[in-house]
Amino acid sequence: MRKKIRKREYPESLIFIILLVTIWIDFVFYKNFFGIVPGVLTGIYYAKVYKEKVREKEKEQRRKELKDMLTAMETAVRAGESLNSAVFSAANEMKGIYGKDKSYMALLDRMKRRIEIGETASEVMKDYTQWSDLSEVRSLSVIFKIAESTGGSTIRIMENSIDKISQKMEIEDEIEVLIREKKLELRLMILMPSLMILYLRLTNSEYIGVLYNSFFGGALMTAALLANISADILGNRIINKVKRGGS
């Protein structure tokens, strides 16, 4: 459900990024029609980077939604509601908070209908698991199933589970802040060579003109562009590896 709805947000933005990067690469590195091909290829790469960034933001939003839902469920259980009723109450509360998210609202409505026809909280949470693609929800679904099968203290189980999940989320949030800082530093480092070339073109075009008027200059510019993109790919891989290791 989520993918079908949100996938339509990408195409126009991706085309715009490819076009913008192509113009930038051609203007800065080549200044002729030969720069269109490397420009388009570079644009496709950065469109993929943008798409991944959008997915990360969506995942952060889903984690925030989950945290709010868990808090609402804990409040309902403390008030004496059953686990099933707590899921129903939390879904109602989330509709009031996130009413503009059509994808999320459709999921909550489906969860409520399943509760109304007698399905258990653990079964309903499987829907949430598939939609959110969050490891925390998979853990929660298992915890609910254990609580239902063992007949243990629902309040105590909820408190312990939410506390552990919240702690994990807080740690991941702290890691995410550091990761964002490193990604910003990487972006500035990658952009700097292009800005330096552009500065030289604007202030001393004769000094750098040879790079645009000869085969050797074009080859050198292409090598510089490849080195730039390679550094970006390597930097992103290192950052993502650190992120996976931290979480």
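The rules we used
Residues numbered from 1 in each chain as written. Predicted model: local features only at pLDDT ≥ 70, side-chain atom pairs only at ≥ 80, totals over all residues. Heavy atoms only, no water. Helix = DSSP H or I, 4+ residues; strand = E, 2+ residues; numbered from the N terminus. Buried < 20%, exposed > 50% of the residue type's maximum accessible area, 1.4 Å probe, protein only. Lys, Arg positive; Asp, Glu negative; His and termini not counted. Salt bridge = Lys/Arg side-chain N within 4 Å of Asp/Glu carboxyl O. Contact = heavy atoms within 4.5 Å. Core = buried A, V, L, I, M, F, W, Y, C linked by side-chain atoms within 4.5 Å. Phe/Tyr/Trp six-rings, centres within 6.5 Å; stacked < 30°, edge-to-face > 60°. Lys NZ or Arg CZ within 6 Å of the ring centre and 35° of its normal. Expected span 1.5 Å × (residues − 1). Patch = residues over 30% accessible without salt bridge, like charges linked within 9 Å, V, L, I, M, F, W, Y side chains within 5 Å. Areas by Shrake-Rupley, 256 points an atom, 1.4 Å probe, with all protein chains shown as cover. pLDDT = per-residue confidence, 0-100. Arc of directions from axis to C-beta.

**Examining the side chain of R201**
Phase 1 of the analysis: With respect to the helices and strands, the residue R201 is situated in helix 8 (residues 154-203).
Phase 2 of the analysis: Summary of buried charges: R201 has no salt-bridge partner, and the nearest side chain of opposite charge, D26, is 8.3 Å away.
Phase 3 of the analysis: Non-local contacts of R201, meaning those with residues more than four positions away in its chain, are made with F27, V28, K31, I208 and Y212.

**Quick word on the pattern of salt bridges**
Phase 1 of the analysis: For the coordinates displayed, the defined rule picks out 5 salt bridges.
Phase 2 of the analysis: For the salt bridge of E60 with R180, the shortest nitrogen-to-oxygen distance reads 2.8 Å. With E60 in helix 3 (residues 36-78) and R180 in helix 8, this residue pair connects regions lying 120 residues apart in the sequence.
Phase 3 of the analysis: The exposure class of E60 is partly exposed, given its relative accessible area of 28%.
Phase 4 of the analysis: Close ionic contact of E185 with K182 constitutes a salt bridge, the shortest N to O distance being 3.8 Å. Taken together, the positions of E185 and K182, both in helix 8 and 3 residues apart, correspond to about one turn of that helix.
Phase 5 of the analysis: Residue classification places E185 among the partly exposed residues on the basis of a relative accessible area of 40%.

**Observations regarding the nonpolar core**
Phase 1 of the analysis: Membership of the largest hydrophobic core comes to 29 residues, with the highest contact counts inside it found for M69, V87, Y104, L108, M111, Y128 and F144.
Phase 2 of the analysis: Sorting the residues of this core by element identifies helix 3, helix 4 (83-97), helix 5 (102-116), helix 6 (121-132), helix 7 (135-150) and helix 8 as the ones contributing at least two each.
Phase 3 of the analysis: Ranked by residues supplied to this core, first place goes to helix 5 with 6 residues.
Phase 4 of the analysis: Core analysis: the next-biggest nonpolar cluster, separate from the first, contains 16 residues, I17, A47, I197 and I229 among them.

**Some remarks on the packing of aromatic side chains**
Phase 1 of the analysis: Tallied over the entire structure, the rule returns 1 aromatic pair.
Phase 2 of the analysis: Between Y45 and Y46, the aromatic rings sit 4.8 Å apart at their centres with planes inclined by 70°, giving edge-to-face as the arrangement.
Phase 3 of the analysis: A residue is classified by how much of its surface remains accessible, and Y45, at 18% relative accessible area, is buried.
Phase 4 of the analysis: Residue placement shows K31 over the ring face of Y212; its charged tip is 5.0 Å from the ring centre.
Phase 5 of the analysis: Its guanidinium or amino end placed over the ring of F27, R201 lies 4.2 Å from that ring's centre, counting from NZ or CZ.

**Overview of helix 3**
Phase 1 of the analysis: In this model, helix 3 (43 residues) spans 63 Å end to end at C-alpha, consistent with the 63 Å of a helix rising 1.5 Å per residue.
Phase 2 of the analysis: In the segment just after helix 3, G80 is the residue with positive phi, at about 100°.

**With respect to a nonpolar patch on the surface**
Phase 1 of the analysis: Together, F33, I36, V37, V40, L41 and I44 line one region of the surface with nonpolar side chains, adding up to about 580 Å² of accessible area.
Phase 2 of the analysis: On the secondary structure map, L41 appears in helix 3.

**Here we look at the confidence of the model for the protein**
Phase 1 of the analysis: Looking at the protein, pLDDT values average 79 and 86% of them are 70 or higher.
Phase 2 of the analysis: When mean pLDDT is taken per element in the protein, helix 2 (residues 11-30) scores highest with 88 and helix 1 (residues 2-6) scores lowest with 39.
Phase 3 of the analysis: Within the model, the stretch residues 1-8 combines pLDDT values under 50 with 14 contacts to residues more than four positions away or in other chains.

**Brief notes about unusual backbone geometry**
Phase 1 of the analysis: The phi torsion at K31 lies on the positive side, around 60°, for a residue other than glycine.
Phase 2 of the analysis: Among the secondary structure elements, K31 is positioned in the loop between helix 2 and helix 3.
Phase 3 of the analysis: On the basis of relative accessibility, which here comes to 48%, the residue K31 falls in the partly exposed class.

**Examining helix 4**
Phase 1 of the analysis: Between the first and last C-alpha of helix 4 there are 21 Å, a value that for 15 residues agrees with the 21 Å anticipated at 1.5 Å per step.
Phase 2 of the analysis: For helix 4, the set of buried residues is L83, A86, V87, A90, A91 and M94. Each buried residue of helix 4 lies within a common arc of 140° when the element is viewed along its axis, so the set occupies one face.

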